[in-house]
Amino acid sequence: GFGNFSVNDYIKVLLEPSYQAIKKINPNIKVAAGDISTMSNSNWYEWTKEIRKNHTIYDIFAIHSYKDDIDELEMSFNTGKLFGILGLFFDKYKPYNKELDKIRNHGKEVWLTETGIPTNKVSESKQEKYYKELIKVKDKIKVNKIFGYELKDDKKKKKKWGIFDNNLNPKKSAQFLLNYNKEV
């Protein structure tokens, strides 16, 4: 969940009033709901169901999906099942996929707003491979947009999630993504 918020508090105290205020200013601005993280101990499936039921107060459903467990990451790379990290989009989580489909059926986009793997745990080449594979399956997992976590490493943190180092030097994944975006 979001701090000490219950899902009902999140919807009634934060999401709904924010949506109304933003749409009053400019009805064309898209409002994202969720930022549901599969990494934490939160009850993300239940939160997704409750937010889905309130589909009139958001335009985009946002998901965070990333892993920093080195053993699981290495197993994913070694078995070729890289998307153990993004497993919630595949058969393993059919109930979750059904919830996402219900969200889509209400005309909402699903965005993967935080994803990635840290280069302090795996090589830059493996981080690059993750983004390459993610782009290959983007349509299969029915995600409208993908945003990496983070743009730049934070020198205050041990984990190096960025596609640029803390001096803004591009890592291999940044070079790939910059070239990919030029081609699209």
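**Focus on the overall build of the chain**
Point 1. Within the chain one finds six helices and four strands.
Point 2. Across the chain, helices and strands are ordered from the amino to the carboxyl terminus as α-β-α-β-α-α-β-α-β-α.
Point 3. Long-range pairs, those at least 24 residues apart, make up 67% of the contacts in the chain with a sequence separation of at least 6.
Point 4. A total accessible area of about 10,300 Å² is found for the chain, and carbon and sulfur atoms account for 50% of it.

**Considerations on the nonpolar core**
Point 1. Counting 34 residues, the largest nonpolar core has I51, Y58 and F61 as the members making the most contacts within it.
Point 2. Excluding residues that lie within four positions of it along the chain, I51 makes contacts with V7, Y10, I11, A33, G34, I36, Y58 and F61.

**Here's the deal with the side chain of H64**
Point 1. Looking at where H64 falls in the secondary structure, it is placed in strand β2 (residues 60-66).
Point 2. Classification of H64 as buried rests on a relative accessible area of 9%.
Point 3. In this structure the side chain of H64 is engaged in a polar contact, spanning 3.3 Å, whose partner is the side chain of E114.

**Points about the confidence of the model for the chain**
Note: predicted coordinates in regions of low pLDDT should not be interpreted at a detailed level.
Point 1. Residues with a pLDDT of 70 or more make up 79% of the chain, whose mean pLDDT is 83.
Point 2. For the chain, per-element mean pLDDT is lowest for helix α3 (residues 70-79), which scores 62, and highest for helix α1 (residues 7-25), which scores 95.

**Some points on the layout of surface pockets**
Point 1. The computed volume of the largest pocket comes to approximately 380 Å³.
Point 2. Lining the largest pocket we find 17 residues, and of these I146, F147, G148, L177 and N181 sit closest to its centre.
Point 3. Take the lining of the largest pocket: its biggest share by element is five residues, from helix α6 (residues 172-183).
Point 4. Grouping the constituent residues of the lining of the largest pocket by class yields 11 nonpolar, three polar and three charged.

**Some points on the packing of α1 against helix α2 (residues 44-53)**
Point 1. At a minimum axis distance of 9 Å, the contact between α1 and α2 shows a crossing angle of 35°. The way α1 lies across α2 gives a crossing that is right-handed. Counted together, V7, Y10 and I11 of α1 and W47, E50 and I51 of α2 form the full contact between these two elements.

**So, the side chain of K160**
Point 1. Relative to the helices and strands, K160 is located in the loop between β4 (145-148) and α6.
Point 2. For the buried residue K160, which engages in no salt bridge, the nearest side chain bearing the opposite charge is D153, 5.6 Å off.
Point 3. Not counting residues within four places of it along the chain, the set of residues in contact with K160 comprises I117, P118, T119, N120, Q127, D153, D154, K155 and K171.

**Quick word on the packing of aromatic side chains**
Two descriptors summarise a pair of aromatic rings, namely the distance from one centre to the other and the angle between the planes of the rings.
Point 1. As enumerated under the stated definition, the model contains five aromatic pairs in all.
Point 2. Ring geometry for Y10 and W47: centres 5.7 Å apart, planes at 45°, overall tilted. Placement of the pair is Y10 in helix α1 and W47 in helix α2, with a sequence separation of 37 residues. Like W47, Y10 is buried.
Point 3. Both rings, one in Y130 and one in Y131, keep their centres 5.5 Å apart while their planes meet at 80°; by these two values the pair is edge-to-face.
Point 4. The exposure class of Y130 is buried, given its relative accessible area of 0%.
Point 5. The ring centre of Y58 lies 5.7 Å from the NZ or CZ of K108, which sits over that ring.

**Notes on α1**
Point 1. Its 19 residues give α1 an end-to-end C-alpha distance of 26 Å, which sits within 8% of 27 Å, the value for a rise of 1.5 Å per residue.
Point 2. For α1, the complete set of buried residues consists of V7, Y10, I11, L15, Y19 and K23.

Criteria and thresholds
Residues numbered from 1 in each chain as written. Predicted model: local features only at pLDDT ≥ 70, side-chain atom pairs only at ≥ 80, totals over all residues. Heavy atoms only, no water. Helix = DSSP H or I, 4+ residues; strand = E, 2+ residues; numbered from the N terminus. Contact = heavy atoms within 4.5 Å. Areas by Shrake-Rupley, 256 points an atom, 1.4 Å probe, with all protein chains shown as cover. Core = buried A, V, L, I, M, F, W, Y, C linked by side-chain atoms within 4.5 Å. Buried < 20%, exposed > 50% of the residue type's maximum accessible area, 1.4 Å probe, protein only. Polar contact = N/O pair within 3.5 Å; in protein donor to acceptor, adjacent residues only side chain to side chain. pLDDT = per-residue confidence, 0-100. 1 Å grid on protein atoms, 1.4 Å probe; cavity = no way out; pocket = protein on both sides within 12 Å on 5 of 7 lines; lining within 4 Å. Points joined across faces, edges and corners; volume = space filled by probe spheres on them. Nonpolar A, V, L, I, M, F, W, Y, C, P; charged D, E, K, R; others polar. Axes fitted to C-alpha atoms, helices over the stretch in contact; angles between N-to-C directions. Left-handed = near helix turned anticlockwise from the far one by under 90°. Lys, Arg positive; Asp, Glu negative; His and termini not counted. Salt bridge = Lys/Arg side-chain N within 4 Å of Asp/Glu carboxyl O. Phe/Tyr/Trp six-rings, centres within 6.5 Å; stacked < 30°, edge-to-face > 60°. Lys NZ or Arg CZ within 6 Å of the ring centre and 35° of its normal. Expected span 1.5 Å × (residues − 1).

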